[in-house]
Amino acid sequence: NVTQQPAPSSELRYTWNLSPDKARFRRHCGPYDTYTEIAVSAEDDAEVRLVTLVNVSRKSIHLELTSYVELALAPHNTDRAHPAFNKLFIETEWQPQYQALLAHRRPRSPQDQPVWAAHLMVMESPCADSPQFETDRARFLGRGRTLENAAALGKVLTNSTGAVLDPIFSLRRPVTLAPNQRLQFSLVTMIAESRATVMGLIERYSEFRISPRAFETAWVRSQIEMRRLHIHPGDVQLFQQ
């Protein structure tokens with residue numbers, strides 16, 4: 001868990017910083033440190049989470065990187081009013097070409113706006129093996145469990161897709177870090193109004209170099225917005241507090 005939520009622990013060495021263009025989280029957990037930056041692209045409907053892992057021990061460590069996103073694909077009030085019923089209309093699928101998870105909401109009427117979403121785990125260095133994946137929340141958590149002790153953390157993911165009752169996005173990749181080695185990867189979640197558009201976003205963000213660019217564009221957009229609002233750089237920290 002690279003942040004304190006949604007599965008809190010007693011780990012004390014944890015810091016965070018919020019700025020107009022991104023959120024930053026740092027956590028020390030045993031033999032490794034994690035640095036997480038989160039931003040929304042100014043160019044696309046995409047959220048990028050850039051994670052840096054650093055092995056601070058004298059031994060090699062083996063980790064399984066696992067993402068987890070719960071899906072609604074509906075207005076907030078609609079999901080809160082009937083969450084179980086709302087999720088019955090979501091279908092998931094796997095795109096092996098881009099190693100991406102894809103989901104769309106089946107329309108209930110001709111007036112419903114189409115909604116498509118996708119999720120990627122993009123490594124700084126290409127991996128030969130395909131990641132494991134899961135789109136069924138019940139299988140991921142297990143009976144009577146929560147995210148703090150999810151059953152999937154102790155077994156392989158089932159690679160299930162389709163019209164599951166409670167849909168999620170979850171991807172997993174194993175990595176090995178040598179002593180003092182640094183590794184970066186990004187978790188990208190995208191949304192669009194058509195399959196063609198979301199597939200274009202998948203193709204674009206499947207290249208790791210696009211993830212750092214999202215942070216550059218978010219910074220530029222924040223500077224333009226502060227200038228438009230006549231906010232001086234020295235006042236930003238005060239307003240954040």
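Residues numbered from 1 in each chain as written. Predicted model: local features only at pLDDT ≥ 70, side-chain atom pairs only at ≥ 80, totals over all residues. Heavy atoms only, no water.

## Notes on the packing of aromatic side chains
- Under the defined criterion, the tally for this structure stands at four aromatic pairs.
- Seen from their ring centres, Tyr14 and Trp16 are 5.6 Å apart, and the 40 degrees between their planes marks the pair as tilted.
- The exposure class of Trp16 is exposed, given its relative accessible area of 56%.
- Ring plane angle 40 degrees and centroid distance 4.9 Å describe the contact between Tyr68 and Phe140, whose orientation is recorded as tilted. Highlighted residues: Tyr68 in the loop between β5 (61-66) and β6 (69-70) and Phe140 in helix α3 (residues 137-141), separated in sequence by 72 residues.
- The exposure class assigned to Phe140 is buried, which follows from its relative accessible area of 3%.
- Over the face of the ring belonging to Tyr205 we find Arg204, whose NZ or CZ atom lies 5.6 Å from the ring centre. (Phe/Tyr/Trp six-rings, centres within 6.5 Å; stacked < 30°, edge-to-face > 60°. Buried < 20%, exposed > 50% of the residue type's maximum accessible area, 1.4 Å probe, protein only. Helix = DSSP H or I, 4+ residues; strand = E, 2+ residues; numbered from the N terminus. Lys NZ or Arg CZ within 6 Å of the ring centre and 35° of its normal.)

## Notes on unusual backbone geometry
- At Leu73, a position not held by glycine, the phi torsion is positive, near 55 degrees.
- Tracing the sequence through the fold places Leu73 in the loop between β6 and α1 (76-81).
- Assessed through its relative accessible area of 12%, Leu73 is described here as buried.
- One non-glycine residue, Gln99, lies in positive phi territory at about 55 degrees.
- Assignment of secondary structure puts Gln99 in the loop between β7 (90-95) and β8 (100-105).

## Here we look at the pattern of salt bridges
- Scanning the model with the defined rule gives 14 salt bridges in all.
- With a closest N to O distance of 2.9 Å, Arg49 and Glu47 form a salt bridge.
- Looking at Arg49, the relative accessible area reads 32%, which means it is partly exposed.
- In this structure, Asp166 engages Arg137 in a salt bridge whose closest nitrogen and oxygen atoms are separated by 3.2 Å. Of this pair, Asp166 sits in the loop between α3 and β11 (167-177) while Arg137 sits in helix α3; the two residues are 29 residues apart in sequence, bridging distant segments of the chain.
- Look at the salt bridges and you will find they share partners, linking Glu43, Asp44, Arg204 and Arg213 into a network. (Salt bridge = Lys/Arg side-chain N within 4 Å of Asp/Glu carboxyl O.)

## Considering helix α4 (residues 195-205)
- Buried residues of α4: Val198, Met199, Leu201, Ile202 and Tyr205, and no others. Angular distribution of buried residues about the axis of α4 spans 155 degrees; they occupy a single face of the element.
- Here the buried face of α4 lies against β4 (46-55), β7, β8, β9 (116-123), β12 (182-192) and α5 (210-228). (Arc of directions from axis to C-beta. Contact = heavy atoms within 4.5 Å.)

## Focus on the pairing of β7
- Direction of pairing for β7 relative to β8: antiparallel, over a ladder of six bridges. Within β8, the position partnered with Glu93 by the bridge is Leu102.
- The antiparallel pairing of β7 with β8 creates a hairpin that spans four residues between the two strands, and Gln99 there sits at a positive phi of about 55 degrees. (Pairing = 2+ DSSP bridges.)

## Description of the layout of surface pockets
- Its volume calculated, the largest pocket comes out at about 1,200 Å³.
- In terms of residue class, the lining of the largest pocket is built from 21 nonpolar, nine polar and seven charged. (1 Å grid on protein atoms, 1.4 Å probe; cavity = no way out; pocket = protein on both sides within 12 Å on 5 of 7 lines; lining within 4 Å. Points joined across faces, edges and corners; volume = space filled by probe spheres on them. Nonpolar A, V, L, I, M, F, W, Y, C, P; charged D, E, K, R; others polar.)

## Points about the sheet that holds β7
- With antiparallel pairing, the eight strands of this open sheet are ordered in space as β1-β2-β3-β4-β12-β9-β8-β7. Pairing within the sheet leaves two strands with one partner each, and these edge strands are β1 (14-18) and β7. Recorded for the sheet is a direction-independent mean angle of 15 degrees between the axes of neighbouring strands.
- Note: strand β2 (residues 23-29) against strand β3 (residues 32-40), seven bridges, orientation antiparallel. Bridging across to β3, Arg24 finds its partner in Glu37.
- Its contacts with the sheet place α5 against β3, β4 and β12, and it is angled at close to 55 degrees to β3. (Axes fitted to C-alpha atoms, helices over the stretch in contact; angles between N-to-C directions.)

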